[in-house]
Amino acid sequence: MLVPAHIKEELSTFVELTPEQIAFYDTNRYIKVKQVLSSETLQFFNEQISQQVAQMNTEHTALEDRTTYGKAFLQLFNLWLENDVVKELVFSTRIAKIAADLMQTSGARLYHDQALFKEAGGGITPWHADQYYWPLSSDKTITAWIPLQATPLEMGPLEFSAGSHRLVEGRELAIGDESEAIIQKKLRVTDFEHVIEAFDAGEISFHSGWVFHRAGANTTNEMRKVMTVIYMDENMILKQPENKNQETDWHKWCPGAEVGREIDTPLNPILYSSK
């Protein structure tokens with residue numbers, strides 16, 4: 001299937017952020033941007049990504065028999081390598097430029113993509129910070145969280161602890177029951193605002209690698225469908241991994257990259273650059 005020309009044009013048309021939006025992100029390290037995608041584009045990719053997830057999914061264990069992490073979502077990676085239509089969304093310069101502008105970098109390079117489909121009755125996504133898993137030398141990282149439908153609170157939208165990138169405690173925790181308990185306890189005694197809001201159709205959130213976030217359970221009878229794209233500074237340097245997860249991520253998402261040098265592999269193309 002080909003992506004319609006007008007959808008391709010939308011994906012390559014820039015959205016200019018205001019100075020206030022960039023300042024808000026810089027302070028809180030998350031932001032929600034409305035009307036990034038039209039309803040037609042959203043529906044088109046909802047159908048295409050849903051088909052690709054169905055093809056790639058190998059999880060058939062009953063929800064009640066899974067771990068907390070397993071109950072949180074079906075998680076499929078690097079769909080762009082498997083599907084040229086999905087690649088058009090992942091490689092969108094419209095979204096990548098927003099990411100670069102928020103990171104305040106000259107450009108945005110792909111780290112990897114992932115689909116996060118929270119099934120009907122799916123459980124919580126525990127509190128965590130993404131960059132625990134990433135062998136990246138700076139905090140110039142950002143994830144675009146793209147709901148493929150309007151996402152009310154009952155579906156388990158992403159929640160943020162605004163400004164919590166400044167909190168060091170909890171960064172060493174992998175996502176799971178321990179991270180949920182320890183980070184939740186720590187956040188209760190801080191002044192970071194807990195932001196939990198529904199997402200409109202076409203609204204996308206962006207959050208940095210060190211900001212703490214979670215998602216509630218999906219108490220509806222429908223799948224909560226989300227596509228994510230993780231970006232990094234186009235000049236990102238690979239650091240020496242600090243845990244086994246970072247070692248795994250290095251070889252999985254940046255194969256061939258060398259410690260201490262810019263990450264420039266076929267799996268990590270620059271998606272937007274002002275250079």
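Just so we're clear, the structure is a prediction, and the values are computed from it rather than from any experiment. (Residues numbered from 1 in each chain as written. Predicted model: local features only at pLDDT ≥ 70, side-chain atom pairs only at ≥ 80, totals over all residues. Heavy atoms only, no water.)

Caption draft 1: Representation of the pattern of salt bridges. Scanning all chains against the criterion turns up 19 salt bridges. Here Glu-180 ties to Arg-214 by a salt bridge, and the two come within 3.3 Å at their closest N and O atoms. Separated by 34 residues along the polypeptide, Glu-180 in helix H7 (residues 177–188) and Arg-214 in strand S9 (residues 213–215) bring together distant segments of the chain. Through salt bridges with shared partners, a single network forms among Lys-32, Lys-34, Glu-197, Asp-200 and Glu-203. (Salt bridge = Lys/Arg side-chain N within 4 Å of Asp/Glu carboxyl O. Helix = DSSP H or I, 4+ residues; strand = E, 2+ residues; numbered from the N terminus.)

Caption draft 2: The sheet that holds strand S6 (residues 158–161), seen in detail. Taking strand neighbours across the sheet as the criterion, the 4 strands line up as S4-S9-S6-S7 in an open arrangement whose pairing is antiparallel. This sheet does not close on itself; its edge strands, each paired only once, are strand S4 (125–128) and strand S7 (194–196). Sheet twist, expressed as the mean angle between neighbouring strand axes with direction ignored, is 15°. By the bridge criterion, 3 bridges tie S6 to S7 in an arrangement that is antiparallel. Across the sheet, the residue bridging to Glu-159 is Ile-196, located in S7. (Pairing = 2+ DSSP bridges. Axes fitted to C-alpha atoms, helices over the stretch in contact; angles between N-to-C directions.)

Just geometry here; none of it tells us what the structure is for.
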